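The residues making up each chain are set out below.
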Amino acid sequence: MIKLKSGIEVEYNKDFDVFFYNLIDSIIHESQIKIKNLLKTDFDQNENDLLLKEIMDNCIYVTHQIFQMSKDNENLSKFLITGCLFNCAVLTIQNLNRVLQENSKDERSLH
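A brief structural summary. Treat the numbers as computed from the prediction; the structure is a model and nothing was measured.

Okay, the environment of Met 1 next. The residue Met 1 is located in the segment before β1 (2–3) in this model. In sequence terms Met 1 and Phe 16 are 15 residues apart; their C-alpha atoms lie 13 Å from each other. Apart from the residues within four sequence positions on either side, Met 1 is in contact with Glu 9, Val 10, Glu 11 and Tyr 12.

The following block contains the structure:
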């Protein structure tokens, strides 16, 4: 199980895709809740900057736990890190393909 800064716990699931989705969804959701509360009291803050900072803070908090887990279960921490890298690569490929397709359409419209 992984705990977020807010105390919310994300249960480990042997299906890595389910676990990763739940973890990322929880990080984003909890970060959004935190910045909504901050914006109620401080109107001068930039919402996007606050959200990115809170997401990063949660990611650092989660990463620290993964490193602690590696002391007891090295295979689990390797699995988590490998799965995270894999998901980031897949998301990057999807975005790259979309950008390349858009660029290709733009180039064809110029001719």
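Before going further, it helps to spend a moment on the nonpolar core. Ile 2, Phe 19, Leu 23, Val 62 and Leu 80 are the most contacted members of the largest nonpolar core, which has 13 residues in total. The leading source of residues in this core is helix α1 (residues 16–41), at 5 residues. Not counting the four nearest positions on each side in its chain, Ile 2 is found in contact with Ile 8, Glu 9, Val 10, Phe 19, Leu 23, Val 62, Gln 65, Ile 66 and Met 69.

Note that an α-helix has 3.6 residues per turn; residues three or four places apart therefore point the same way. The terminal C-alpha atoms of helix α2 (residues 47–72) lie 38 Å apart, and with 26 residues this matches the ideal 38 Å at 1.5 Å per residue to within 8%. Among all positions in α2, only Leu 50, Leu 51, Glu 54, Asn 58, Val 62, Gln 65, Ile 66 and Met 69 are buried. Of the residues flanking the start of α2, the one acting as N-cap is Asn 46, its side-chain oxygen 2.9 Å from the backbone nitrogen of Asn 48.

Bringing a nonpolar patch on the surface into the picture now. On the surface, Phe 67, Ile 81 and Leu 85 cluster together into a nonpolar patch covering about 310 Å² of accessible area. Assignment of secondary structure puts Phe 67 in helix α2.

It is worth spelling out the pattern of salt bridges at this point. Taken as a whole and assessed by the stated rule, the structure comprises 6 salt bridges. Its salt-bridge partner being Glu 54, residue Lys 5 comes within 3.0 Å of it at the nearest N-O pair. Separated by 49 residues along the polypeptide, Lys 5 in the loop between β1 and β2 (9–10) and Glu 54 in helix α2 bring together distant segments of the chain. Under the relative-accessibility criterion, Lys 5 is labelled partly exposed at 34%. With a relative accessible area of 7%, Glu 54 lands in the buried category. Between Asp 57 and Lys 53 there is a salt bridge, with the nearest N and O atoms lying 2.8 Å from each other.

Conventions adopted
Residues numbered from 1 in each chain as written. Predicted model: local features only at pLDDT ≥ 70, side-chain atom pairs only at ≥ 80, totals over all residues. Heavy atoms only, no water. Helix = DSSP H or I, 4+ residues; strand = E, 2+ residues; numbered from the N terminus. Contact = heavy atoms within 4.5 Å. Core = buried A, V, L, I, M, F, W, Y, C linked by side-chain atoms within 4.5 Å. Buried < 20%, exposed > 50% of the residue type's maximum accessible area, 1.4 Å probe, protein only. Expected span 1.5 Å × (residues − 1). Polar contact = N/O pair within 3.5 Å; in protein donor to acceptor, adjacent residues only side chain to side chain. Patch = residues over 30% accessible without salt bridge, like charges linked within 9 Å, V, L, I, M, F, W, Y side chains within 5 Å. Areas by Shrake-Rupley, 256 points an atom, 1.4 Å probe, with all protein chains shown as cover. Salt bridge = Lys/Arg side-chain N within 4 Å of Asp/Glu carboxyl O.

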